[in-house]
Amino acid sequence: MDNPVTPRDTGRPGPRRRDRHGRGMRGPVAPPQVPLAASRGEVFADLVQDSVERLERRWPQLADIDFLVLDVPRPAETGAGWNDEAVPLGGTVPSRDGRRGRVVVYRRPVEIRTKGRDERALLVHEVVVEQVAELLGLTPETVDPRYGED
């Protein structure tokens, strides 16, 4: 039998273009502009940014401070050993040698201690206020008069 189509080389598999039901690759669940498409890290960074913007209205000097979100603290960053009961939620690095001051918020410890988005937003704001107060040498109540109120 003369067959003009040469058989595919089955020795090396190529990229899989179809699943076992004959359907093609599926697309994303939600388009990128929908909030559902945002990762947990991006949502958390937005909470920190909202808190910073809220404080910058009262304290314009915060424009000279970098705000960072890290997943977890490293013991070397905190300067002291910590255990399961005393994992820090945030930290500060004072400005020196031409470097800007930094406020760091640790995402995973904050997420573990909160249940919902509203509770997480409150805790993020408290952590940011506490770290800014430490960096500026003020009390948290001075930085944000509503500090500690739920």
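Use the structure listed above.
Calculation notes
- Residues numbered from 1 in each chain as written.
- Predicted model: local features only at pLDDT ≥ 70, side-chain atom pairs only at ≥ 80, totals over all residues.
- Heavy atoms only, no water.
- Helix = DSSP H or I, 4+ residues; strand = E, 2+ residues; numbered from the N terminus.
- Contact = heavy atoms within 4.5 Å.
- Areas by Shrake-Rupley, 256 points an atom, 1.4 Å probe, with all protein chains shown as cover.
- Expected span 1.5 Å × (residues − 1).
- Buried < 20%, exposed > 50% of the residue type's maximum accessible area, 1.4 Å probe, protein only.
- Arc of directions from axis to C-beta.
- Axes fitted to C-alpha atoms, helices over the stretch in contact; angles between N-to-C directions.
- Parallel < 35°, antiparallel > 145°, perpendicular 65-115°, else oblique.
- Left-handed = near helix turned anticlockwise from the far one by under 90°.
- Nonpolar A, V, L, I, M, F, W, Y, C, P; charged D, E, K, R; others polar.
- Pairing = 2+ DSSP bridges.
- Patch = residues over 30% accessible without salt bridge, like charges linked within 9 Å, V, L, I, M, F, W, Y side chains within 5 Å.
- Salt bridge = Lys/Arg side-chain N within 4 Å of Asp/Glu carboxyl O.
- Lys, Arg positive; Asp, Glu negative; His and termini not counted.
- Charge placed at Lys NZ, Arg CZ, Asp CG, Glu CD.

### Thoughts on the overall build of the chain
Part 1: Scanning the chain from N- to C-terminus turns up 5 helices and 3 strands.
Part 2: Secondary structure elements of the chain, listed N to C terminal, follow the sequence α-β-α-β-β-α-α-α.
Part 3: Of all intrachain contacts in the chain linking residues separated by at least 6 positions in sequence, the fraction that spans at least 24 positions is 58%.
Part 4: Counting only carbon and sulfur atoms, one obtains 50% of the accessible surface of the chain, whose full area is about 11,300 Å².

### With respect to helix α1 (residues 40-56)
Part 1: Taking 1.5 Å per residue as the helical rise, α1 with its 17 residues ought to reach 24 Å, and the 24 Å between its terminal C-alpha atoms agrees with that figure.
Part 2: Regarding α1, the residues found buried are Phe-44, Leu-47, Val-48, Ser-51, Val-52 and Leu-55. Angular distribution of buried residues about the axis of α1 spans 135 degrees; they occupy a single face of the element.
Part 3: Close packing links the buried residues of α1 with β1 (65-70), β3 (101-106), α3 (107-112), α4 (117-136) and α5 (140-143).

### Looking at the packing of α1 against α4
Part 1: Between α1 and α4, the shortest axis-to-axis distance is 9 Å and the interhelical angle comes to 50 degrees. The angle between the axes of α1 and α4 places the two elements in the oblique class. Handedness of the α1/α4 crossing: right-handed. Residues Val-43, Phe-44, Leu-47, Val-48, Ser-51, Val-52, Arg-54 and Leu-55 of α1 lie in contact with α4, whose contacting residues are Arg-117, Arg-120, Ala-121, Val-124, His-125, Val-128, Val-129 and Val-132.
Part 2: For the contact of α1 with α4, the per-class residue count stands at 11 nonpolar, 2 polar and 3 charged.

### What about the sheet that holds strand β2 (residues 90-93)?
Part 1: Spatially, 3 strands are ordered β1-β3-β2 in an open sheet, and the strand pairing comes out mixed. Where the open sheet ends on each side, the last strands, each with one partner, are β1 and β2. Mean inter-strand twist for the sheet, computed between neighbouring axes without regard to direction, equals 20 degrees.
Part 2: Two elements, β2 and β3, share 4 bridges in a ladder whose sense is antiparallel. Of the residues in β3, the one forming a bridge with Gly-91 is Val-104.
Part 3: Across the face of the sheet, α4 comes into contact with β1, β2 and β3 while running at roughly 25 degrees to β2.

### Observations regarding unusual backbone geometry
Part 1: With phi around 50 degrees, Asp-97 is a residue other than glycine that occupies positive phi space.
Part 2: Assignment of secondary structure puts Asp-97 in the loop between β2 and β3.
Part 3: Judged by relative accessible area, Asp-97 falls into the exposed class, the value being 77%.

### Comments concerning the side chain of Glu-111
Part 1: Structurally, Glu-111 can be placed in helix α3.
Part 2: With residues up to four places along the chain from it excluded, the contact list for Glu-111 reads Arg-40, Phe-44 and Arg-120.

### A closer look at a negative patch on the surface
Part 1: Together, Glu-42, Asp-46, Asp-50, Glu-53 and Glu-56 make up a region of like negative charge exposed at the surface.
Part 2: Looking at where Glu-42 falls in the secondary structure, it is placed in helix α1.
Part 3: Using a relative accessible area of 44% as the deciding quantity, one classes Glu-42 as partly exposed.

Coordinates in, geometry out; function isn't part of it.
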